[in-house]
Amino acid sequence: MSAAAAFMVAAPAQAQEAERLTDTLLLKNYRPVSIFNVPVTRVDRAKYPVIDMHTHDYVDTPAEVDSVVAVMDACGVEQAHIMQCNWISDPYDVVKERYAAYPDRFKLWFCLDYTDFDSPDWTERAIAQVEKYHEMGAVGIGEMVDKGLGDVYALPVEGRGIRLNDPKLTPVLKRCGELGLLVNIHIAEPIWMYEEIDCHNDGLMNGAVWQVDTSAEGCLDYDGLMDMFEEALSACPDTKIVACHMLNMSHDYPRLSAIMDRHPNLYLDISARFVESSVTPRATRDFIVRYQDRILYGTDNTPDRDMYRFTFRIMESADEHIYDEGYSYHWAISGWDLPDSVLRKLYRTNALKLLSGK
Ligand SMILES: [Zn+2]
């Protein structure tokens, strides 16, 4: 018997099967189950009342709106802000009518109409549009999305090349600031979606699905997008701009902190980046505590009980090594364990301040 074989505990058949599995199991099929006997916190209802500053219109009928309200009631969500996306949303009026039974529970945002963007009077017409929506009670412009090719919701001009720092947009954004309207924009994507999809990619399973192709002419890469965004922030310092998904920069808090410090008009929402930012729970906690007055709670995902409860658990608990079928990728995550005073701000009071124009 060889020395190595003397230490083997598995029967030869089992050892063979284990070897076969490690050679053939695909990463996409790996479903580890935590074996750790560590606290598992169940948060049915958020610790404090919640304003969800980033959701979408996921329903069609009044009965479905009622069921969303039931979810919100069960989870402690007092208000949800519905982002519009020009060509995938119903028109603003239709959405407004859909939620009309609950004017205090749902607030609407709007998208700009870029029709005839090249004509000399576009800016003037867009400002008129902003004023009209303001009168109709809209909260702000959102969600704009630029992953490299300009605002992707910028149809009907094919969503190409219109950027937040475009001089034609600057007066429109400034007018928003004067009226107390907010702007919500999705810039870039998590960094691994711009990197090589290979065995070194830290977010491979996520990056492979959402990889961003920047090879098209005129497409900005990650850094180019951030530079563009900072120019837009500088151009309208009195307009409050919310970068959703933590500006897709939760992998690099020193860099994100520097951008926050350069632009006091920049706010973040944490929607749809709970999993991305929970691989480094201590760094995330430190960052959120530092910028606790400029970070907003949001979800972005279909509003059901499990989705809300998952986000509350991440924010409120110190649970470790969490695998969650619905919301995780191929990594385990941990809770942020936010202090109560910070939770209160993220859940509600920061939103109230922004909504009241402060
Ligand atoms: Zn969104």
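Computed from a prediction, not measured in an experiment: that's the story for all the values here.

Student: Talk me through helix α12 (residues 340–355); I want residue IDs and the actual numbers.
Tutor: With 16 residues, α12 ought to run about 22 Å at 1.5 Å a step, and its terminal C-alpha atoms sit 22 Å apart, in line with that. Residue L346 marks the point of greatest curvature in α12, where the axis turns by about 55°. Within α12 the residues assigned to the buried category are L343, K345, L346, Y347, R348, N350, A351 and L354. Where α12 is buried, its residues meet β1 (50–56), β5 (182–187), β7 (266–269), β8 (295–296) and α11 (305–316). At the exit of α12 stands G357, carrying a positive phi of roughly 85°.

Student: Tell me about unusual backbone geometry, residues and numbers included.
Tutor: The residue after G142, namely E143, is reached through a cis peptide bond having omega 10°. Position of E143 relative to the elements: it lies in strand β4 (residues 140–146). Even without being a glycine, M246 presents a positive backbone phi close to 55°. Positive phi values are uncommon outside glycine, yet N248 reaches one of about 50°. Turning to its location among the elements, N248 is positioned in the loop between β6 (241–243) and α9 (253–262).

Student: Break down α11 for me, citing the residues and quoting the values.
Tutor: Between its first and last C-alpha atoms α11 spans 16 Å; for 12 residues at 1.5 Å apiece the expected length is 16 Å, and the two agree. Along α11, the residues that are buried comprise Y308, F310, T311, F312, R313, I314, M315 and E316. Buried residues in α11 make contact with α3 (62–75), β2 (77–83) and α12.

Student: Tell me about the pairing of β2, and please be specific about residues and values.
Tutor: Within β2, five of the seven residues are buried, which leaves the element mostly enclosed by the surrounding structure. With five bridges connecting them, β1 and β2 associate as parallel partners. Residue pairing in the sheet places I51 in a bridge with Q79 of β2. A crossover connection joins β1 to the parallel β2 through α3; in handedness this β-α-β unit is right-handed.

Student: A description of the nonpolar core should follow, citing residues and the corresponding values.
Tutor: Counting residues in hydrophobic clusters, the biggest one holds 91 residues, and the most contacted among them are I141, V242, L268 and L296. Among all residues touching L296, those that are not within four sequence positions of it are M53, V242, Y267, L268, D269, L346, N350 and A351.

Student: Explain the environment of D304 to me, using residue names and the numbers behind them.
Tutor: Inspection of the secondary structure assignment puts D304 in the loop between β8 and α11. As a C-alpha pair, D304 and S257 span 47 residues in sequence and 32 Å in three-dimensional space.

Student: Give me the sheet that holds β7: which residues, what numbers.
Tutor: Spatially, β4-β5-β6-β7-β8 is the arrangement adopted by the five strands of the open sheet, whose pairing is parallel. Edge positions in the sheet fall to β4 and β8, since each of these pairs with one other strand and no more. Of the strand pairs in this sheet, β7 and β8 are connected by two bridges, and their pairing is parallel. Following the sheet pairing, D269 is matched in β8 by L296.

Student: Run through the packing of α3 against α11, naming residues and quoting values.
Tutor: Contact pair α3 / α11: the axes reach a minimum separation of 9 Å and the direction vectors enclose 30°. When the axes of α3 and α11 are compared, the pair comes out roughly parallel. With respect to the hand of their crossing, α3 and α11 are arranged in right-handed fashion. On α11, the residues touching V71, A74 and C75 of α3 are R305, Y308 and R309. Its residues assigned to classes, the contact of α3 with α11 shows four nonpolar, no polar and two charged.

Student: Residues and numbers for the sheet that holds β2, please.
Tutor: Pairing within the open sheet is parallel, and its three strands lie in the order β1-β2-β3. Single-partner strands in this sheet number two, and they are β1 and β3 (106–108). Averaged over all neighbouring strand pairs, the angle between strand axes comes to 25°, with direction disregarded.

Quick notes on the rules
Residues numbered from 1 in each chain as written. Predicted model: local features only at pLDDT ≥ 70, side-chain atom pairs only at ≥ 80, totals over all residues. Helix = DSSP H or I, 4+ residues; strand = E, 2+ residues; numbered from the N terminus. Expected span 1.5 Å × (residues − 1). Bend = angle between axes of the 7 residues up to and from the residue. Buried ≥ 20, exposed ≤ 12 C-beta atoms within 10 Å, placed from the backbone. Contact = placed C-beta atoms within 7 Å. Pairing = 2+ DSSP bridges. Right-handed = clockwise from strand over helix to strand, strands pointing away. Core = buried A, V, L, I, M, F, W, Y, C linked by C-beta atoms within 7 Å. Axes fitted to C-alpha atoms, helices over the stretch in contact; angles between N-to-C directions. Parallel < 35°, antiparallel > 145°, perpendicular 65-115°, else oblique. Left-handed = near helix turned anticlockwise from the far one by under 90°. Nonpolar A, V, L, I, M, F, W, Y, C, P; charged D, E, K, R; others polar.

Structural measurements only, silent on function.
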